[in-house]
Amino acid sequence: AFYSNPAVVCLAVTALWILLCSLAPQGCPVLSLANLFDRVIQHSARMHGLSSDLRQDFVSVWAPSRNHIGRVSRYCHTSSILTPNDKENAQRMTEELTEVILKLLVAWREPLWADKALQVGRMVHELRTGVQRVAQKMQMLGMMGNAVSGLWSPDAQAPPDDGSHWNFGNYDLLRCFRRDSNKVQNYLKILKCRTVPEYGC
Amino acid sequence: MTLSTRLKRLVGWALVILISAVSHNSPPGKPVLKQCHSPDKEIFTCWWEPNAHDGEDTTYRLLYEKELTIGILECPDYHTAGKNSCFFDKNHTSIWVDYFLTVVAINAFGNTTSDVYKIDVVDIVKPNPPENVTLWLELCEDIPTIHVTWNSFNIGTKCGWITPKYQLRFKKVDSKWNIKYVGEQTQFSIYSASPGKLYIVQVQCALDNGAWSEWSNTTFIQVPRSESKQHIWILVSFSAILLFAAVCIMFIKKKRYTNKCCLFHSIQQWLLPPVPGPRIKGIDVQLLKNGRSHEATRALLINHGFPWNGMPWKNQAEEYLLVRDDNKLLNEDQKHTHGKMISNNCHSKPNINNQLNVHNSMNFKEEKTILDDLVDTSQSELVNELNYVNTMKTDTAFSIDTIYVRNVKPVENSRYVDIQRQDVDMEYSTVREPMLFPEKQNKVINRQQERLPYDYTRVKEVNGDMLLLQDPSFRNNTQNTDYINPTPLHPVTEKVHECAESLNDGYVDNPHTHNVK
């Protein structure tokens with residue numbers, strides 16, 4: 001019958017949704033954006049938790065007295081990405097924050113992907129996809145300009161590096177990843193509170 | 001070692017000790033950095049511990065290096081956090097950056113540097129305990145509830161910089177602590193608090209994934225005794241007295257009337273009257289006892305008619321295979337329901353029939369179906385019996401699919417089993433309204449659906465084109481000679497006609513009449 005045609009049903013639902021959302025512009029799209037944010041934040045929390053466990057396991061075996069490990073601290077391969085290191089700076093950025101998050105996630109795909117045993121590689125990829133969706137939605141809602149669009153494509157290149165991350169001992173990799181995953185989680189929370197503050201901030 | 005060498009050593013040590021004891025002219029001992037904490041992920045403080053032997057004139061300086069920063073920096077504030085501490089304010093605090101701290105102890109004779117202490121501020125977050133923990137009591141229908149609230153951690157929460165989470169612990173005096181995770185809320189309720197007890201409550205908080213703070217100051221609350229409980233006791237005791245009085249009165253009354261019987265029997269008779277014996281209407285027990293049974297039964301017959309309407313078996317007009325506990329009944333009913341069994345020729349379910357017939361001569365266990373036996377005995381030949389032809393699927397004359405009896409389990413309150421089907425379009429379901437005729441025969445089906453027992457399997461959709469053929473390999477099976485001889489594959493059309501004919505009657509033939517061997 002006419003109504004059983006899936007295309008027609010889909011069209012009707014879309015039309016209805018558009019109608020409802022045009023009547024209540026504040027209600028519909030913003031709510032789903034908050035929902036998206038919650039999901040990516042949850043995912044980033046899981047990723048950070050996993051990275052902490054990995055590093056903790058490593059440290060407990062190889063470097064028990066980590067506080068006195070010595071002055072030498074190797075740089076992370078993401079050190080070239082400028083990230084806000086305090087609350088004020090982080091709050092000042094919105095668009096740049098999204099860009100930073102995506103850059104970090106893109107940068108971590110390579111070194112972790114190679115190690116299939118670590119499921120974090122997949123988590124990084126999934127999180128990146130989620131954050132891209134969030135960014136697209138924010139752009140759709142006019143909250144963001146087009147500066148970030150270059151990072152949305154799945155083939156976005158990692159920042160040019162000299163392959164130095166391959167020289168990392170596992171400890172450094174885990175240490176750097178733990179820190180960056182914490183950054184991503186925190187930045188996402190800040191972004192959410194800036195974008196949709198009425199939903200749990 | 002010669003004596004002189006030993007003596008020399010001894011003298012040397014003595015001199016060293018003497019010198020160090022007499023004068024303070026030595027560099028200070030090595031200080032140790034104890035800990036660093038950040039209460040809100042925006043500032044932090046570090047404390048060190050000087051060496052015990054250091055004099056009063058020793059000064060300490062904290063020097064540090066920062067990741068991504070060139071140069072050695074010195075502590076910006078030695079005083080805010082007290083003695084032997086260094087306070088880093090917002091301007092000097094960076095998160096996700098490694099700090100390499102050292103403390104140098106300096107006196108007139110030299111300086112000593114501690115070991116390098118590396119920290120990242122995000123890892124040293126430990127907040128202060130929550131403040132203003134408030135308790136208040138709510139009495140809801142005499143059930144006391146303690147509500148706890150406290151001030152939320154405000155710095156940095158509104159913008160998402162930190163996410164505080166809380167944990168609470170409470171206990172009655174002289175019992176163990178009860179720790180409850182609260183989450184991000186700043187209130188908690190303790191339900192069903194014990195009346196008349198003193199409760200102690202404490203709260204602590206943590207930021208993000210950081211360490212838990214110290215427990216807050218102890219707060220107490222006294223839960224008042226429940227007044228209503230006293231009322232209840234009065235009520236209970238009063239009613240007990242009343243009951244006792246009633247029993248006594250009863251007893252006294254009873255005693256008046258029954259002269260001989262003892263007290264116990266009289267009470268027993270009053271409390272537990274005897275169960276009346278069975279009595280059939282119309283039958284005089286005395287008559288039967290006297291041996292005049294024919295008179296008794298005549299009375300019965302005349303008065304009520306025979307057979308009764310309340311016959312247990314409703315299925316006089318039962319039209320299907322009955323699974324019973326004993327063979328005899330099955331055979332008898334088969335006789336009654338002549339012509340109402342499925343014909344072998346129809347092949348809609350001949351094999352099941354065959355199995356039933358086979359098992360007529362076997363002993364049934366109670367509550368067990370034939371198909372249960374099939375599964376339980378785990379004879380694969382029996383499983384192969386249930387072959388099924390589904391001609392709907394293909395355009396060719398017929399194709400053979402196989403139904404395997406799997407996961408057969410008796411359905412509660414019925415004596416049928418679930419047959420799980422494999423690869424067949426048909427669906428079997430558990431039996432409540434068994435239906436063995438194709439849906440095309442609507443008249444037939446309606447009648448049958450009304451009165452069927454719970455003893456049948458159900459075919460959801462039986463197409464007249466379908467045949468049930470036996471596995472040809474079965475022919476070679478000599479173990480179960482009670483099965484009917486396997487029939488060769490017949491063309492579809494012939495069977496359809498047979499089926500149609502037999503089905504149109506609304507009946508199918510009794511397999512017995514087909515000489516099942």
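Since we're looking at a predicted model, the values are computed, not measured. (Residues numbered from 1 in each chain as written. Chains lettered and ligands numbered in written order. Predicted model: local features only at pLDDT ≥ 70, side-chain atom pairs only at ≥ 80, totals over all residues. Heavy atoms only, no water.)

Engineer: Which residues make up the sheet that holds strand 10 (residues 143-149) of chain B, and what are the values?
Structural biologist: All names here are of chain B. Strand order in this open sheet of 3 strands is 9-10-13, and the pairing throughout is antiparallel. Looking at which strands have only one partner, the edges of the open sheet turn out to be strand 9 (134-140) and strand 13 (187-190). Averaged over neighbouring strand pairs, the angle between their axes works out to 25° when direction is ignored. Pairing geometry for strand 10 and strand 13, over 4 bridges, is antiparallel. Note on strand 13: the bridge partner recorded for histidine 147 is serine 189. (Pairing = 2+ DSSP bridges. Helix = DSSP H or I, 4+ residues; strand = E, 2+ residues; numbered from the N terminus. Axes fitted to C-alpha atoms, helices over the stretch in contact; angles between N-to-C directions.)

Engineer: Which residues make up a nonpolar patch on the surface, and what are the values?
Structural biologist: On the surface, B:Met250, B:Trp270, B:Leu271 and B:Leu272 cluster together into a nonpolar patch covering about 430 Å² of accessible area. Examined against the element boundaries, B:Leu271 turns out to sit in helix 3 (residues 263-271). (Patch = residues over 30% accessible without salt bridge, like charges linked within 9 Å, V, L, I, M, F, W, Y side chains within 5 Å. Areas by Shrake-Rupley, 256 points an atom, 1.4 Å probe, with all protein chains shown as cover. Salt bridge = Lys/Arg side-chain N within 4 Å of Asp/Glu carboxyl O.)

Engineer: Could you give an account of the packing of aromatic side chains, with specific residues and numbers?
Structural biologist: All names here are of chain B. Scanning all chains against the criterion turns up 13 aromatic pairs over all chains. Ring centres of tyrosine 64 and phenylalanine 88 lie 5.2 Å apart, and the angle between their planes is 75°; on these two criteria the pair is classed as edge-to-face. Of this pair, tyrosine 64 sits in strand 3 (residues 59-66) while phenylalanine 88 is found in strand 5 (residues 85-88), placing the two residues 24 residues apart along the sequence. Neither tyrosine 64 nor phenylalanine 88 differs from the other in exposure class; each is buried. Geometrically, the ring pair formed by tyrosine 64 and tyrosine 99 is tilted, given 5.7 Å between the ring centres and 35° between the ring planes. Note that tyrosine 64 is positioned in strand 3 and tyrosine 99 in strand 6 (residues 98-107), a separation of 35 residues in sequence. Judged by its relative accessible area of 0%, tyrosine 99 falls in the buried class. An aromatic cluster is built from Phe44, Tyr64, Phe88 and Tyr99, whose rings are joined through pairwise contacts. Across from the ring centre of tryptophan 161, 4.9 Å away, lies the NZ or CZ of lysine 41, which sits over that ring. A cation over an aromatic ring shows up here: arginine 169 above the ring of tryptophan 177, its NZ or CZ 4.1 Å from the ring centre. (Phe/Tyr/Trp six-rings, centres within 6.5 Å; stacked < 30°, edge-to-face > 60°. Buried < 20%, exposed > 50% of the residue type's maximum accessible area, 1.4 Å probe, protein only. Lys NZ or Arg CZ within 6 Å of the ring centre and 35° of its normal.)

Engineer: An account of the nonpolar core is requested, with residue identities and associated values reported.
Structural biologist: Within the largest apolar cluster, 84 residues are counted, with the highest numbers of intra-cluster contacts made by B:Leu62, B:Tyr99, B:Leu101, B:Ile146, B:Val148, B:Trp150 and B:Leu168. It is helix 4 (residues 95-114) of chain A that provides the largest number of residues to this core, a total of 9 residues. (Core = buried A, V, L, I, M, F, W, Y, C linked by side-chain atoms within 4.5 Å.)

Engineer: Could you give an account of the state of the cysteines, with specific residues and numbers?
Structural biologist: All names here are of chain B. Overall, the coordinates contain 3 disulfides over all chains when judged by the stated rule. One disulfide bridge connects cysteine 36 with cysteine 46, the sulfur atoms lying 1.9 Å from each other. The disulfide joining cysteine 36 to cysteine 46 has a torsion of about 110° about its S-S bond and is therefore right-handed. Taken together, the residues cysteine 36 in strand 1 (residues 32-37) and cysteine 46 in strand 2 (residues 44-49) connect sequence positions 10 residues apart. Pair check on accessibility: cysteine 36 and cysteine 46 agree, each one buried. With its sulfur 1.8 Å from that of its partner, cysteine 75 forms a disulfide with cysteine 86. On the sign convention where negative is left-handed, the bridge of cysteine 75 and cysteine 86, at about 115° about the S-S bond, is right-handed. Of the two residues, cysteine 75 sits in the loop between strand 4 (73-74) and strand 5 while cysteine 86 sits in strand 5, which places them 11 residues apart along the sequence. You can call cysteine 86 buried: its relative accessible area is 0%. (Disulfide = S-S within 2.5 Å.)

Engineer: Give me the lowdown on the sheet that holds strand 11 (residues 164-172) of chain B, citing residues and values where you can.
Structural biologist: Residue and element names in this part refer to chain B. Across the sheet, 4 strands lie side by side as 12-11-14-15; this open sheet has antiparallel pairing. The open sheet has two edge strands, strand 12 (178-183) and strand 15 (219-222), and neither has a second partner. Adjacent strand axes in the sheet meet at a mean angle of 25°, parallel and antiparallel pairs treated alike. Two elements, strand 11 and strand 14 (residues 198-207), share 9 bridges in a ladder whose sense is antiparallel.

Engineer: Now, about the interface of chain B and chain A: what can you tell me, with residues and values included?
Structural biologist: Between chain B and chain A, the residue contacts involve 31 residues of the former and 27 residues of the latter. Of the roughly 2600 Å² buried between chain B and chain A, counting both surfaces, carbon and sulfur atoms make up 46%. For A:Arg179, the salt bridge identified is with B:Asp120, shortest N-O distance 3.2 Å. At the surface where chain B touches chain A, the tally comes to 14 residue pairs in polar contact (both at pLDDT 80 or more). Those elements that place two or more of their residues in the side of chain B that touches chain A are strand 6 and strand 8 (117-120) of chain B. By residue number, the principal contributor to the side of chain B that touches chain A is strand 8 of chain B, which donates 4 residues. Considered class by class, the residues forming the side of chain B that touches chain A number 11 nonpolar, 8 polar and 12 charged. (Contact = heavy atoms within 4.5 Å. Buried area = accessible area lost by both parts, 1.4 Å probe. Polar contact = N/O pair within 3.5 Å; in protein donor to acceptor, adjacent residues only side chain to side chain. Nonpolar A, V, L, I, M, F, W, Y, C, P; charged D, E, K, R; others polar.)

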